[in-house]
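These are the residues of each chain, in order.
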Amino acid sequence: MKSSVLKFTLVAIILFISLNNYAQKFQGKAVYVSKSKMELGNWGAKLSEAQKKQIQARLKNRLEKTYVLTFNNTESMFLEEEQIDAISGATDTWGAYFSRGDQYKNIQNSKLVQSQEFYGKRFLVKDDLYKIKWELGTETKKIGNYLCYKAKAFVPKKELDWYDFSWSDLRNKEKTGMAKEDLVVVEAWYTTQIPVAQGPGEYWGLPGLILEVSRGNTTLLCSEIIINPEDKITIEVLSKGKETTKKEYTATIQKKMVEMRENRMGRRRSR
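Trainee: Would you mind going over the sheet that holds strand β2 (residues 64-72) with me for this structure?
Mentor: Whether parallel or antiparallel, the strands of a sheet pair through hydrogen bonds between backbone atoms. One open sheet holds the 12 strands; their spatial order is β7-β8-β9-β10-β11-β1-β2-β3-β4-β5-β6-β12, and the pairing between them is mixed. Whereas interior strands pair on both sides, the edge strands pair on one side only; in this sheet they are β7 (135-143) and β12 (242-244). Adjacent strand axes in the sheet meet at a mean angle of 20°, parallel and antiparallel pairs treated alike. Relative to strand β11 (residues 218-227), strand β1 (residues 27-36) runs antiparallel, the two sharing nine bridges. In the sheet register, Ser36 faces β11, and the bridge partner there is Thr218.

Dropping the structure here:
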């Protein structure tokens, strides 16, 4: 009996070491397409279908985006491809201020480095990665050629959207003195066929690469994967910009938004 237990233990150890070494060999690129449903609220009920389609075309560059995740088993870089305005042909300048910038993650050290730009000033946000508490499910589906498993989590909205700001959030904070602590439901699909705990954006920490993730009206879906390309992939930590934390960056931008609002109101009074 002791001999059988010893043999099983040795086999398990060898298998674990083999899988770990196998995972370390993984590197690649994954392309994700992000799609968001347009919400017009009560105002939208007054619009015709033609007007809704026109607005949707105008906002296409905000509702549909393409990202590239470059990864290995410990590091990743997540970049957005530049979008061109569907009607005017111009880049979406104002929307870009509150979009996710280039993002570096080191899941081994749980560190985040993200480049954000606001009105010509570049910030380098360095902080800890938020560790998502995933609930693993048994439901499966195929995404491309990969068998994926479902996972679910409840995540504070501020941990997912710390770089995004709205006037309503600012007003709520001014009224209560603090931001609302909303939880959002996140649903992810990951594949153990690519055994790295990476994923797009703020999502990571599952037993395989995340190929699809949804929250609210937005879904990120992997459309292309290149594993272990012939040319070795190099991932470099972002280094340009004024160093700050997520909390400090939020305070800086909200202060600037207040100044912009006061300046606009001052110009109106002077007319």
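Trainee: I tried to follow the packing of aromatic side chains on my own but got confused; where do I start?
Mentor: Aromatic rings in a pair are described by how distant their centres are and how their planes are angled relative to each other. Scanning the entire structure with this criterion turns up seven aromatic pairs. Where Tyr67 meets Phe78, the ring centres are 4.8 Å apart and the plane angle is 15°; that geometry is what we call stacked. Taken together, the positions of Tyr67 in strand β2 and Phe78 in strand β3 (residues 75-80) put the pair 11 residues apart, joining distant regions of the chain. Accessibility expressed as a relative area gives 7% for Tyr67, which makes it buried. A network of ring pairs unites the aromatic residues Phe123, Trp162, Tyr163 and Tyr249 as a single cluster. The positively charged end of Arg100 is found above the aromatic ring belonging to Tyr67, 5.6 Å away from the centroid.

Trainee: Please clarify how the pairing of β7 should be interpreted in this entry.
Mentor: In summary, the side chains of a regular strand alternate between the two faces of the sheet. Strand direction decides the pairing type here: β7 and strand β8 (residues 146-156), joined by six bridges, are antiparallel. Residue pairing in the sheet places Lys142 in a bridge with Leu147 of β8. The turn linking β7 back onto β8 is made up of two residues, and Gly144 within it adopts a positive phi angle of 65°.

Trainee: Can you help me understand the pattern of salt bridges in this one?
Mentor: Evaluation of the coordinates by the stated rule reveals 10 salt bridges. Here Lys150 ties to Glu187 by a salt bridge, and the two come within 3.3 Å at their closest N and O atoms. Note that Lys150 is positioned in strand β8 and Glu187 in strand β9 (residues 183-191), a separation of 37 residues in sequence. Judged by relative accessible area, which is 22%, Lys150 ranks as partly exposed. Of the residues examined, Glu187 reaches a relative accessible area of 29% and is grouped as partly exposed. A salt bridge links Lys246 to Glu159; the nearest nitrogen and oxygen atoms lie 3.2 Å apart. In this pair, Lys246 sits in helix α8 (residues 246-270) while Glu159 sits in helix α6 (residues 157-160), placing the two residues 87 residues apart along the sequence.

Trainee: Can you help me understand the confidence of the model for the chain in this one?
Mentor: Detailed conclusions should not be drawn from predicted coordinates in areas where pLDDT is low. Confidence in the prediction for the chain averages 79 pLDDT; 66% of positions are at 70 or higher. Here residues 8-23 is modelled with pLDDT under 50, and outside its nearest four sequence neighbours on either side it reaches four contacts, counting other chains as well. For the stretch residues 83-96, pLDDT sits under 50, and the model shows 25 contacts to residues farther than four places along the chain or on other chains.

Trainee: Explanation requested: the environment of Val185 in the structure shown.
Mentor: Looking at the element boundaries, Val185 is found in strand β9. For Val185, a relative accessible area of 39% corresponds to the partly exposed category. Here the alpha-carbon distance between Val185 and Phe154, two residues 31 residues apart in the chain, equals 4.8 Å. Dropping the residues within four chain positions of it, Val185 is found in contact with Lys152, Ala153, Phe154, Ser214, Arg215 and Gly216.

Trainee: Help me understand empty space enclosed by the protein in this model?
Mentor: In this approach, a probe sized like a water molecule rolls over the atoms, and the result shows the empty space that is left. Summed over the entire model, instances satisfying the criterion amount to one cavity of 30 Å³ or more. In terms of lining, the largest cavity is formed by Gln103, Leu112, Leu129, Tyr130, Glu159, Leu160, Trp162, Glu202, Trp204 and Lys246. When the residues that make up the lining of the largest cavity are grouped by side-chain class, the tally is six nonpolar, one polar and three charged.

Trainee: I'm lost on the pairing of β11 in this one. Help?
Mentor: By the bridge criterion, four bridges tie strand β10 (residues 209-215) to β11 in an arrangement that is antiparallel. Its bridge partner lying in β11, Ser214 is registered against Thr219. Taking the residues that link successive antiparallel strands as the turn, the β10-β11 hairpin has two residues, and the phi of Gly216 there is positive, at about 60°.

Trainee: Can you walk me through the nonpolar core in this structure?
Mentor: Counting residues in hydrophobic clusters, the biggest one holds 30 residues, and the most contacted among them are Tyr32, Trp134, Val186, Tyr203, Leu209 and Ile210. Broken down by secondary-structure element, the contributors of at least two residues to this core are β1, β2, β8, β9, β10 and β11. The element contributing the most residues to this core is β9, with five residues. When neighbours within four sequence positions are excluded, Tyr32 is seen to be in contact with Lys65, Thr66, Tyr67, Leu69, Phe78, Pro200, Leu209, Ile210, Leu211, Leu220, Leu221 and Cys222. Ile107, Phe123, Val125 and Phe165 belong to the second largest nonpolar core, which has 14 residues in total.

Calculation notes
- Residues numbered from 1 in each chain as written.
- Predicted model: local features only at pLDDT ≥ 70, side-chain atom pairs only at ≥ 80, totals over all residues.
- Heavy atoms only, no water.
- Pairing = 2+ DSSP bridges.
- Helix = DSSP H or I, 4+ residues; strand = E, 2+ residues; numbered from the N terminus.
- Axes fitted to C-alpha atoms, helices over the stretch in contact; angles between N-to-C directions.
- Phe/Tyr/Trp six-rings, centres within 6.5 Å; stacked < 30°, edge-to-face > 60°.
- Buried < 20%, exposed > 50% of the residue type's maximum accessible area, 1.4 Å probe, protein only.
- Lys NZ or Arg CZ within 6 Å of the ring centre and 35° of its normal.
- Salt bridge = Lys/Arg side-chain N within 4 Å of Asp/Glu carboxyl O.
- pLDDT = per-residue confidence, 0-100.
- Contact = heavy atoms within 4.5 Å.
- 1 Å grid on protein atoms, 1.4 Å probe; cavity = no way out; pocket = protein on both sides within 12 Å on 5 of 7 lines; lining within 4 Å.
- Points joined across faces, edges and corners; volume = space filled by probe spheres on them.
- Nonpolar A, V, L, I, M, F, W, Y, C, P; charged D, E, K, R; others polar.
- Core = buried A, V, L, I, M, F, W, Y, C linked by side-chain atoms within 4.5 Å.

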